[in-house]
Amino acid sequence: MKVVHILVGEIAGDAVKEAWGGVEGTSVMVVKDVFSVGPLRSEQLKFSELRGQFWQEVSGEQQEVVVDDLDRLMELSTGLTNGTIDQVVFWMGSIPADVCTYFWLLHFLKKHMGKLYVININGLPFLDDDGKLFYPESIAALPQRQVLKALKLARAITPSEWETEGDEWKRLIHEEGMGVRENDGGRKIISKPVTAYDKLLLDACTAQPQKINKLVGQLMGKHKIYTGDRFLVWRLRELERAQRLNMTKDSVKLFDGAANTTEETNT
């Protein structure tokens, strides 16, 4: 049987690959995009072009950013149709990127009902490297020896799940102007403006320079922000363009002579 396991992010993908050491007939597809941030729909651009353009802006680099997750998923769908692939297994934690990717898969693999399986670790206990019980939020947080335990959780997505959640992706892409998606419990996703974390960023800045990586890392941990650091650094650059901050290559401080007035940034 040919089985393809889908995971979000290289760290999660590597964890699964290393845990079982490569099983004949089994491969891993890593979704590199983060669907919990950025636009999901455009009247002018194809989906992959839209996502590539977004990450180009976020990266701040001149080199073209290519996003090919949907193209690879369509190749996988073709394999399911012609029988070269028998089953797809999606590994899902509770983080927004995983849940959004789950809805993305339901939308584009709808015709393959019965062949799409899920491993959902949300709310389930595992053992950390010290043998202590913990509840991982993401697949990447699973110790290698616990990956094989998680593999046993694979189950087919039920007809009722297809019915109740199959249109969630359509809902997300039609929520115009919303650039941040958060988990509101279970598999419920709520959308917020792209400026959702701007006030937190400004409040964390001071008149004295701070290391960008440290500031962003502390905010992500304290407030459980799952956008990834690149997104927050981009928001800092946007705040600098609005003359709210001063930035160098690796440090940031409040705009010289400006008061830390941030009430409008989170509206």
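1. Concerning unusual backbone geometry
Moving on, step 1. At Lys224, a residue that is not glycine, the phi angle is positive and equals roughly 50°.
Moving on, step 2. With respect to the helices, strands and loops of the structure, Lys224 is situated in the loop between helix H9 (212-222) and helix H10 (229-241).
Moving on, step 3. Using a relative accessible area of 51% as the deciding quantity, one classes Lys224 as exposed.

2. Things to note about the packing of aromatic side chains
Moving on, step 1. Within this structure, the stated rule accounts for 9 aromatic pairs.
Moving on, step 2. Residues Phe35 and Phe47 carry aromatic rings whose centres are separated by 6.0 Å and whose planes lie at 50° to one another, so their mutual orientation is tilted. Placement of Phe35 in the loop between strand S2 (26-31) and helix H2 (47-59) and of Phe47 in helix H2 is noted, with a sequence separation of 12 residues between them. Here Phe35 matches Phe47 in class, with each residue buried.
Moving on, step 3. Ring geometry for Tyr102 against Phe103: centres 5.6 Å apart, planes inclined by 50°, an arrangement best described as tilted.
Moving on, step 4. We classify Tyr102 as buried; its relative accessible area is 2%.
Moving on, step 5. Ring pairs connect the aromatic residues Phe35, Phe47, Trp104, Phe108 and Trp169, which therefore count as one cluster.

3. Looking at the sheet that holds strand S11 (residues 245-247)
Moving on, step 1. If you trace the 3 strands from one edge of the open sheet to the other, you get S10-S12-S11, paired in antiparallel fashion. Either end of the sheet is taken by a strand with one partner, and the two such strands are strand S10 (210-211) and S11.
Moving on, step 2. As judged from the 2 bridges shared by S10 and strand S12 (residues 251-254), these two strands associate in the antiparallel manner. Residue Gln210 lies in a different strand from S12, and its bridge partner there is Val252.

4. Remarks on the nonpolar core
Moving on, step 1. Membership of the largest hydrophobic core comes to 59 residues, with the highest contact counts inside it found for Ile6, Trp104 and Trp169.
Moving on, step 2. Residue contributions to this core peak at 8 residues, all from helix H4 (residues 96-108).
Moving on, step 3. If near-sequence neighbours (up to four positions away) are discounted, Trp104 is found in contact with Val31, Phe35, Phe47, Asp69, Leu70, Leu73 and Trp169.
Moving on, step 4. The next biggest cluster of nonpolar side chains, apart from the first, holds 15 residues, and it includes Leu7, Trp20, Phe126 and Ile139.

5. Examining the layout of surface pockets
Moving on, step 1. Looking at the largest pocket, its volume works out to about 530 Å³.
Moving on, step 2. Val8, Gly9, Val34, Ile95 and Gly228 are, among the 23 residues lining the largest pocket, the residues nearest its centre.
Moving on, step 3. Taken together, the elements giving at least two residues each to the lining of the largest pocket come down to helix H1 (10-20), H4 and H10.
Moving on, step 4. Of the residues assigned to the lining of the largest pocket, the class counts are 12 nonpolar, 4 polar and 7 charged.

6. Points about H1
Moving on, step 1. Within H1, the full set of buried residues consists of Ala12, Gly13, Ala15, Val16, Ala19 and Trp20. Viewed end-on, H1 has its buried residues packed into an arc of 160°, placing them on one side of the element. Away from its buried face, by an angle of more than 90 degrees, H1 presents the exposed residues Ile11 and Glu18.

7. Comments concerning H9
Moving on, step 1. Buried residues of H9: Ile212, Leu215, Val216 and Leu219, and no others. One face of H9 carries all of its buried residues, which in axial projection span an arc of 95°. Opposite the buried face of H9, by more than 90 degrees, sit the exposed residues Asn213, Lys214, Gly221 and Lys222.
Moving on, step 2. If you follow the buried residues of H9, they end up packed against helix H8 (198-204), S10, H10, S11 and S12.

8. Brief notes about a nonpolar patch on the surface
Moving on, step 1. On the surface, Leu127, Leu133 and Tyr135 cluster together to form a nonpolar patch covering roughly 320 Å² of accessible area.
Moving on, step 2. Note that Tyr135 resides in the loop between strand S6 (133-134) and helix H5 (144-151).

9. Quick word on the pairing of strand S9 (residues 189-193)
Moving on, step 1. Pairing of strand S8 (residues 178-183) with S9 involves 5 bridges; the strand directions are antiparallel. Bridge pairing links Met178 to Pro193 in S9.

10. Some words on the pattern of salt bridges
Pairs can form between side chains of opposite charge once their charged atoms are near each other.
Moving on, step 1. Applying the stated rule across the entire model yields 17 salt bridges.
Moving on, step 2. With its nearest N and O atoms 2.5 Å apart, the salt bridge here joins Asp69 to Arg72. With Asp69 and Arg72 both in helix H3 (residues 69-82) and 3 residues apart, the pair spans about one turn of that helix.
Moving on, step 3. We classify Asp69 as buried; its relative accessible area is 2%.
Moving on, step 4. Across the salt bridge formed by Lys211 and Asp250, the nearest N and O atoms sit 3.5 Å from each other. Of the two residues, Lys211 sits in strand S10 while Asp250 sits in the loop between S11 and S12, which places them 39 residues apart along the sequence.
Moving on, step 5. When salt bridges with common partners are traced through the structure, they connect Arg155, Glu161, Glu165 and Arg187 into a single cluster.

Here is what the cut-offs are and how they apply
- Numbers given to residues run from 1 along each chain, matching the order in which its sequence is written.
- Since the coordinates come from a predicted model, pLDDT governs what is reported: local features require at least 70, and pairs of side-chain atoms require 80 or more to be given and counted, while whole-chain, interface and lining totals use all residues.
- For side-chain calculations, the full set of non-hydrogen atoms in the structure is used, while hydrogens and water are omitted.
- Starting at the N terminus, helices and strands are each numbered in turn, a helix being any DSSP run of H or I of at least four residues and a strand any DSSP run of E of at least two.
- Only protein chains enter the accessibility calculation, which uses a 1.4 Å probe; a residue whose area is less than 20% of its type maximum is buried, one above 50% is exposed, and one in between is partly exposed.
- Each Phe, Tyr or Trp ring (for Trp, its six-membered ring) is paired with any other whose centre lies within 6.5 Å, and the angle between the two planes then decides the class: stacked below 30 degrees, edge-to-face above 60, tilted in between.
- Each pair of strands is called paired provided DSSP finds at least two bridges between the two strands.
- In plain words, nonpolar cores are sets of buried Ala, Val, Leu, Ile, Met, Phe, Trp, Tyr and Cys residues tied together by side-chain atoms within 4.5 Å.
- Here, residues are in contact when the closest pair of their heavy atoms is within 4.5 Å.
- In the cavity and pocket records, a cavity denotes points on a 1 Å grid over the protein atoms alone where a 1.4 Å probe fits but cannot get out, a pocket denotes an open set with protein on both sides within 12 Å along at least 5 of 7 lines, and lining residues are residues with an atom within 4 Å of a point.
- Grid points are joined across faces, edges and corners, and a volume is the space filled by probe spheres set on the points.
- Lys, Arg, Asp and Glu make up the charged group, whereas Ala, Val, Leu, Ile, Met, Phe, Trp, Tyr, Cys and Pro make up the nonpolar group; the residues left over, Gly among them, are polar.
- Each direction from the helix axis to a C-beta atom contributes to the arc, which is the arc of those directions.
- Each patch is built from residues lacking any salt bridge and having more than 30% relative accessible area; the joining distance is 9 Å for like charges and 5 Å for nonpolar side chains (Val, Leu, Ile, Met, Phe, Trp, Tyr).
- Here the accessible surface of atoms and residues is derived via Shrake-Rupley with a 1.4 Å probe, and residues count as covered only by protein chains that are part of the display.
- One side-chain nitrogen of Lys or Arg within 4 Å of one carboxyl oxygen of Asp or Glu is enough to make a salt bridge.

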